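Reading the structure
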Amino acid sequence: MSVKSLIINPGSTSTKIGVFEDETLLFEETLRHSTEEIAQYASIVDQKDFRKEIIMNLLKEKNFDINSLNMVVGRGGMLKPIPGGTYAVTDDLLNDLKIGKQGQHASNLGGILAREIGDSIGVPSFIVDPVVVDELCTVARYSGVPELPRTSVFHALNQKAVAKRYAKEIGKAYESLNLIVVHMGGGVSVGAHEKGKVIDVFNALDGDGAFSPERAGGAPSGALIKLCFSGKYTEKEVYKMFVGNGGFNAYIGTNDMRDVEKMVNDGDAKAKEIRDAFIFQVTKDIGSMACVLKGKVDQIIVTGGIAYDKAVVAGLKEASEWIAPFTVYPGEDELLALVQGGLRVLNGEEAAKEY
């Protein structure tokens, strides 16, 4: 029997939804929200009814019978650190999404909306591999400063999805492989997947590894301390330098790698140098994770929007293909990754995890 699913992926100014039959997309829509609409609400959770109404209205416009659904899956939010997997939206999980256990983010609404819509029609609701997935080995948590342990915040949904996709394509279990997964988008995360667990990863949000189109990555700490206490900038301004206005944005004024490619092709030497530096830093991250896996790497998987950039991928391969073969899955299909997580539970391939 086929499984019909509603998938909900909320962003800061949009709500992306998809309706699937098994893994086949029936339709999808990105519902845009103006700044004025969002500004009416004091907190993320206050937007719940507003976003739910828009979703339900769209389903009506599509003449889709909501009672035909077998599950509802939402994007996971800023929960406490948890192992990867598909989680039933329990009362405890729902409460932590509402309070923003590790922060307020639009993705918190994914599980909240999934639970409310699922309960209304009597079907299960899930979240899959939120950004707070934490499977770090003990020694990976040490930073050198006891007050500042290393944390796991990365593109868990896409990293896990492509790792499992690769495993399925070669007929092996994800839990039997050692993989290095490189996600390159607005932020970059490089993870060491050892036998089904991400035992080390560069924090993609605000602190580790290579710079990216809009993030600074691991900047020199001594210089950062001096910058913070220079009196020239507020805390908010410094944070924006690192998350949002860092990386390519800071150096050449764009976070779009298509712009960078055009600049390089037009003979812009500075743009080429910055792109070369980006490739240089990502390959250092790959090398680091190869050491974490003690050189026993079955495959390097490159994914995310920048994986469409042939020059970047070629540079990464030239520098690090000696470690292991490359597989490239350009882009990211978060809706499909979410539905696949739910299907693994409903099809009995894995049990839903309890938060």
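This text follows the structure it describes.
Description of the structure in this document.

Here we look at the pattern of salt bridges
Once the charged atoms of two side chains with opposite charge are near each other, the side chains can pair. Evaluated as defined, the whole model comprises 19 salt bridges. A salt bridge links glutamate 29 to lysine 62; the shortest N-O distance between them is 3.7 Å. Linking glutamate 29 in strand 3 (residues 24–32) with lysine 62 in the loop between helix 2 (48–61) and strand 4 (71–75), this pair joins segments that are 33 residues apart in sequence. Note on glutamate 29: relative accessible area 29%, which makes it partly exposed. Here lysine 62 falls in the partly exposed class, since its relative accessible area comes to 38%. Across the pair aspartate 119 and arginine 115 runs a salt bridge, and its minimum N-O distance is 2.7 Å. Residue aspartate 119 and its partner arginine 115 are both found in helix 4 (residues 108–121); the two are separated by 4 residues, about one turn of the helix. On the basis of relative accessibility, which here comes to 48%, the residue aspartate 119 falls in the partly exposed class. Of the residues examined, arginine 115 reaches a relative accessible area of 16% and is grouped as buried. Look at the salt bridges and you will find they share partners, linking Lys48, Asp49, Lys52 and Glu116 into a network.

With respect to helix 11 (residues 310–320)
Note on helix geometry: an α-helix contains 3.6 residues per turn, so any two residues three or four positions apart are oriented the same way. Every buried residue of helix 11 is accounted for by Val312, Val313, Gly315, Leu316 and Ser320. Summarising the axial view, the buried residues of helix 11 lie within an arc of 160°, below the 170-degree limit, and thus occupy one face. Those residues of helix 11 that are exposed and angled more than 90 degrees off the buried face are Lys310 and Glu318. Looking at the buried residues of helix 11, the elements they touch are strand 7 (178–184), helix 9 (257–265), helix 10 (269–292), strand 10 (299–304) and strand 11 (326–330). Measuring from the side-chain oxygen of the N-cap residue of helix 11 to the backbone nitrogen of alanine 311 gives 3.1 Å; that N-cap residue is aspartate 309.

Quick word on the sheet that holds strand 1 (residues 4–10)
Strand pairing in a sheet relies on backbone hydrogen bonds, with the paired strands running either antiparallel or parallel. Spatially, 6 strands are ordered 3-2-1-4-6-5 in an open sheet, and the strand pairing comes out mixed. Of all strands in the sheet, those with a lone pairing partner are strand 3 and strand 5 (86–88), marking the two edges. Averaged over all adjacent pairs, the angle separating strand axes in this sheet is 25°, with direction ignored. Relative to strand 3, strand 2 (residues 14–21) runs antiparallel, the two sharing 8 bridges. From the neighbouring strand, threonine 15 faces strand 3, where its bridge partner is leucine 31. Packing of helix 2 onto the sheet brings it into contact with strand 1, strand 2 and strand 3, and relative to strand 2 it is tilted by some 40°.

The rules behind the values
Residues numbered from 1 in each chain as written. Predicted model: local features only at pLDDT ≥ 70, side-chain atom pairs only at ≥ 80, totals over all residues. Heavy atoms only, no water. Salt bridge = Lys/Arg side-chain N within 4 Å of Asp/Glu carboxyl O. Helix = DSSP H or I, 4+ residues; strand = E, 2+ residues; numbered from the N terminus. Buried < 20%, exposed > 50% of the residue type's maximum accessible area, 1.4 Å probe, protein only. Arc of directions from axis to C-beta. Contact = heavy atoms within 4.5 Å. Polar contact = N/O pair within 3.5 Å; in protein donor to acceptor, adjacent residues only side chain to side chain. Pairing = 2+ DSSP bridges. Axes fitted to C-alpha atoms, helices over the stretch in contact; angles between N-to-C directions.

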